[in-house]
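A structural walkthrough
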Amino acid sequence: MVRRTLFAVAAVMVAFLLICGCTGTTSDPTPVEKQQLRIATTTSLYDTKLLDHLTPIFEEKYNAEVLIVSAGTGKALEYGQRGDVDVMMVHDRAREDTFLADGYGTDRRVFAYNYFVLVGPESDPANVSGMAPEAAFTAIREKGMAGDASVIFVSRGDASGTHSKEQAIWKAAGFNYSAEVKGSGDWYQEAGTGMGATLEMANEKEAYTLSDIGTYLAYKGNLDLVTIVDEGDILLNVYSAMQINPEKFPDINSSVAKDWVNFMISDEIQQEIASFGVDQYGQPLFYAAQNDWEKIGVTEAEVKNPVV
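Computed from a prediction, not measured in an experiment: that's the story for all the values here. (Residues numbered from 1 in each chain as written. Predicted model: local features only at pLDDT ≥ 70, side-chain atom pairs only at ≥ 80, totals over all residues. Heavy atoms only, no water.)

1. Describing the overall build of the protein
Across its full length, the protein holds 14 helices and ten strands. Counting the 308 residues in the protein, one finds 47% classified as buried. Considering only contacts within the protein whose residues lie at least 6 apart along the sequence, 74% involve residues at least 24 apart. Per element, the accessible surface of the protein, about 15100 Å² overall, is 49% carbon and sulfur. (Helix = DSSP H or I, 4+ residues; strand = E, 2+ residues; numbered from the N terminus. Buried < 20%, exposed > 50% of the residue type's maximum accessible area, 1.4 Å probe, protein only. Contact = heavy atoms within 4.5 Å. Areas by Shrake-Rupley, 256 points an atom, 1.4 Å probe, with all protein chains shown as cover.)

This is the structure in structure tokens:
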């Protein structure tokens, strides 16, 4: 009887130890080291807090730590050209094409788009509300050059994607940017900084500026600026992600870079992008690119094909 009792007690103890996982060792298992992902991004993706929303999802899913540096597209591309980051996220197709052709980047995928808007004081001193972008820019320049002190245009002036779009609009309006716009008078002022700070400067000066709609909506509550021009094909603003070329920079984390690019075009994250900002602003700050590839002038492969 005593022997049966001892066996029963022993069996219970063994079962208890197996359930608790305590049979081999009392020490905790060694935690798996997190992967580190370095991203250079345009300021609009950062200022709108879209990346603040998405990175925790990625970090948990891939056991990763995401480090982000935010800058204008020109500066962000410099980080990529030096191999200082693993992933680029920008919105300047012409410079992206050059970046890829020069072998710095690979596997570009388009994940979102929105539109640029011309914003300015509600009084609209240049009287350009509702005009085509090219006509509005022309009228602002004419009144500014004529000495109307109430007409001021604040440019990003920082080689960003927004600055490139501004220059494209001047060109489409028939002006040589370097010779006829930049430095042409007090009406044209350069902020030399990010989108949020440029909006704040324009607000202080009661001036016009070109902004992506996402950053404008994110800052709108603290601004007196209103939307002046918001229609025109030239205002399309397309965002892409690409990994830095591991053949040129073998030290980059190519594996987690691919994970990020695929993450951005996944069904789950495309839905997150499409709904981001709706509750707070009544409209999304960005549109998901997944089903609109023809509308925004890219190929289906650029939007949907996973990086392998």
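Right, picking up where we left off after that structure.
2. What about the environment of Ile296?
Within the secondary structure layout, Ile296 lies in the loop between β10 (287-288) and α14 (300-304). For the pair Ile296 and Val110, spaced 186 residues apart in the sequence, the C-alpha separation amounts to 9.8 Å. Ile296 has contacts with Val110, Tyr113, Leu236, Val238 and Ala289, leaving out every residue within four places of it along the chain.

3. Things to note about the nonpolar core
Counting residues in hydrophobic clusters, the biggest one holds 42 residues, and the most contacted among them are Met89, Phe111, Trp260, Met264 and Ile273. Tallying contributions element by element places helix α11 (residues 254-265) first for this core, with seven residues. The contacts of Trp260, once residues within four sequence positions are left out, are Leu37, Ile39, Leu51, Thr55, Phe58, Val87 and Met89. By size, the runner-up hydrophobic cluster in this structure holds 23 residues, among which are Val151, Ile169, Phe175 and Val229. (Core = buried A, V, L, I, M, F, W, Y, C linked by side-chain atoms within 4.5 Å.)

4. Some remarks on the pairing of strand β3 (residues 87-90)
Covered by surrounding structure in β3 are Val87 and Met89 together with Met88 and Val90, the residues of both alternating faces. Two elements, strand β1 (residues 35-42) and β3, share three bridges in a ladder whose sense is parallel. Bridge pairing in β3 places Ile39 opposite Val87. Inspection of the sheet shows β3 paired to strand β9 (residues 236-244) by four bridges, in the antiparallel sense. Bridge pairing in β9 links Val87 to Gln243. (Pairing = 2+ DSSP bridges.)

5. So, the packing of helix α6 (residues 133-145) against helix α7 (residues 161-172)
Contact geometry for α6 and α7: axes closest at 8 Å, N-to-C directions at 85°. Comparing the axis directions of α6 and α7 gives the class roughly perpendicular. Contact residues: α6 offers Pro133, Glu134, Phe137, Thr138 and Arg141, while α7 offers Glu166, Ile169, Trp170 and Ala172. Of the residues in the contact of α6 with α7, the class split is five nonpolar, one polar and three charged. (Axes fitted to C-alpha atoms, helices over the stretch in contact; angles between N-to-C directions. Parallel < 35°, antiparallel > 145°, perpendicular 65-115°, else oblique. Nonpolar A, V, L, I, M, F, W, Y, C, P; charged D, E, K, R; others polar.)

6. What to know about helix α9 (residues 195-205)
Note: α-helices contain 3.6 residues per turn, so residues at a spacing of three or four share the same orientation. Along α9, the residues that are buried comprise Met195, Gly196, Thr198, Leu199, Ala202 and Asn203. Looking straight down α9, one finds its buried side chains confined to an arc of 160°; they lie on one side. Those residues of α9 hidden inside the fold are in contact with α2 (43-47), β4 (105-120), β5 (153-155), α7, β7 (209-212) and α10 (213-219). (Arc of directions from axis to C-beta.)

7. Overview of the packing of aromatic side chains
Tallying each qualifying case throughout the model produces 17 aromatic pairs. With a centroid separation of 5.3 Å and an interplanar angle of 65°, the aromatic rings of Phe137 and Phe153 are classed as edge-to-face. With Phe137 in helix α6 and Phe153 in strand β5, the pair connects residues that are 16 residues apart, well separated along the chain. Under the relative-accessibility criterion, Phe153 is labelled buried at 1%. Taking 5.3 Å as the distance between ring centres and 80° as the angle between the ring planes, the aromatic pair formed by Tyr239 and Phe286 counts as edge-to-face. Within this pair, whereas Tyr239 is found in strand β9, its partner Phe286 is found in the loop between α13 (278-281) and β10, the two being separated by 47 residues in sequence. An aromatic cluster is defined as three or more aromatic residues linked by ring pairs; in this entry it consists of Phe137, Phe153, Trp170, Phe175, Tyr177, Trp187 and Tyr188. (Phe/Tyr/Trp six-rings, centres within 6.5 Å; stacked < 30°, edge-to-face > 60°.)

8. Overview of the side chain of Thr215
When you line up the elements, Thr215 lands in helix α10. The class of Thr215 is buried, set by a relative accessible area of 0%. In this structure, Thr215 is in contact with Ser44, Asp47, Thr48, Met195, Gly196 and Leu199, ignoring residues within four places of it in sequence.

9. Quick word on helix α4 (residues 73-81)
By the burial criterion, the buried members of α4 are Thr73, Gly74, Ala76, Leu77, Tyr79 and Gly80. Those residues of α4 hidden inside the fold are in contact with β1, β2 (64-71), β3, α5 (93-101), α7 and β9. Looking one or two residues past α4, Gly83 carries a phi angle of roughly 70°, positive in sign.

10. What to know about the pattern of salt bridges
In this structure the tally under the stated criterion is eleven salt bridges. Here Arg38 ties to Asp86 by a salt bridge, and the two come within 3.0 Å at their closest N and O atoms. With a gap of 48 residues between them, Arg38 in strand β1 and Asp86 in the loop between α4 and β3 connect regions that are remote in the sequence. When its relative accessible area of 25% is taken as the criterion, Arg38 is described as partly exposed. Among the residues examined, Asp86 registers a relative accessible area of 2% and is labelled buried. Three or more residues are tied together by salt bridges with common partners; here these are Arg93, Glu96, Asp97, Arg108 and Glu302. (Salt bridge = Lys/Arg side-chain N within 4 Å of Asp/Glu carboxyl O.)

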